[in-house]
Amino acid sequence: MKTLGYYNGKIAELEEMTVPMLDRACYFGDGVYDVAVCRNHRTFALEEHLDRFMNSCKLLHITPDHTKEELAELVAGLLAKMDSGDQLVYLQYSRGSALRNHTFAADMKPNLWIMIKPLTLQKEPKPLRCMTMEDTRFFHCNIKTINLIPNVLAAQAAEDRGLDECIFHRGNEITECAHSNVSILKGGVLLTHPTDNLILPGIARAHLIRACRALGIAVKERPFTLEELFDADEILVTSTTKLLCPVVELDGKAVGGKDQKNLAALRSYVWEEYERETN
Ligand code: PLP
């Protein structure tokens, strides 16, 4: 074979391979991978790659259904099918397949992907021309990317504790939640994180702001702190699937419940808007 794709036992040339839409890798990036190179049909440093692969699985709570020895044997068998002995070997475990939901079953069966394509390493690769750039990885929360592993882990951590949502803070500053935005009411004013790169610009959040303006509730788009969150008159979580929902418990403590009038007015406003536009 010139290239090879493997998916849970199915094998074909890479361009003939397809994966199911319900594989969580497709919509959450929920998986781990490793890459090794092979020369003369022998994979270089395979043991180290498999150790790292297994460790990545462990860190993401993915339970492999192959041992390292089984994987090494599988890879050797696949490489034996290749026309050339010089190949790149890509291994991926995704958490498994299920209807889209951030949280996952503990006993989910993982999906094993392997891709093999020709590669010959150069003894003296061409020297590189580079640029510098600030490391902004994990600072792109304003992009509705499918790479949601931190959100998936946070949602699962909340569910494991019998809770509904996880509210994120960076240092002392509240940003948003695992799959929703969070705002607070304090002294009749709505405080909500500005739409910079640290939060997703939620559609339901925008509707909440418009509802506040229509009802004469002042809005301040500025970050608020953990202390302000605990001390809020109401904590409001917004998302497309929940619209607007108050928080009553946070880290085991009772919170909110001190501005029921504005809360009720806002909930009616966003619900009526939803009903009006969907009638
Ligand atoms: N923040 C995150 C991380 C989300 O995943 C979501 C919804 O999926 C939201 C906020 C809320 O956005 P929206 O109101 O558009 O549903």
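Structure first, text after, so check above.
Residues numbered from 1 in each chain as written. Predicted model: local features only at pLDDT ≥ 70, side-chain atom pairs only at ≥ 80, totals over all residues. Heavy atoms only, no water.

What am I meant to see in the sheet that holds strand S2 (residues 10-12) here?
Strands sit in the order S2-S1-S6-S5-S3-S4 across an open sheet of six strands; the sheet is antiparallel. This sheet does not close on itself; its edge strands, each paired only once, are S2 and strand S4 (42-43). Relative to strand S6 (residues 111-118), strand S5 (residues 87-94) is paired through eight bridges, and the arrangement is antiparallel. Across the sheet, Leu91 pairs through a bridge with Ile114, a residue of S6. The strands touched by helix H3 (residues 68-79) are strand S1 (4-7), S2, strand S3 (31-39), S4, S5 and S6; relative to S6, the strand with the most contacts, the crossing angle is about 40°. (Pairing = 2+ DSSP bridges. Helix = DSSP H or I, 4+ residues; strand = E, 2+ residues; numbered from the N terminus. Contact = heavy atoms within 4.5 Å. Axes fitted to C-alpha atoms, helices over the stretch in contact; angles between N-to-C directions.)

I'm lost on the packing of aromatic side chains in this one. Help?
For any pair of aromatic rings, geometry is given as the distance between the ring centres together with the angle between the planes. Counting across every chain of the model gives five aromatic pairs. Their ring planes at 50° and their centres at 5.0 Å tell us that Trp271 and Tyr274 sit as a pair that is tilted. One end of the pair, Trp271, and the other, Tyr274, are both in helix H7 (residues 260-278), three residues apart, so they sit about a helical turn from each other. The class for Tyr274 is partly exposed, based on a relative accessible area of 41%. Its end group placed over the ring of Phe139, Arg170 keeps NZ or CZ at 4.7 Å from the ring centre. (Phe/Tyr/Trp six-rings, centres within 6.5 Å; stacked < 30°, edge-to-face > 60°. Buried < 20%, exposed > 50% of the residue type's maximum accessible area, 1.4 Å probe, protein only. Lys NZ or Arg CZ within 6 Å of the ring centre and 35° of its normal.)

Whenever I open this one, helix H2 (residues 46-59) confuses me. Can you help?
Count 3.6 residues to each turn of an α-helix, and residues three or four apart come out pointing the same way. The end-to-end C-alpha separation of H2 is 20 Å, in line with the 20 Å expected for 14 residues at 1.5 Å each. Among the residues of H2, those classed as buried are Leu46, His49, Leu50, Phe53, Met54 and Cys57. The arc enclosing the buried residues of H2, seen along the axis, measures out at 130°, which places them on a common side. Exposed and oriented more than 90 degrees from the buried face of H2 are Glu47, Glu48, Lys58 and Leu59. Of the surrounding elements, those touching the buried residues of H2 are S3, S4, H3 and S5. (Expected span 1.5 Å × (residues − 1). Arc of directions from axis to C-beta.)

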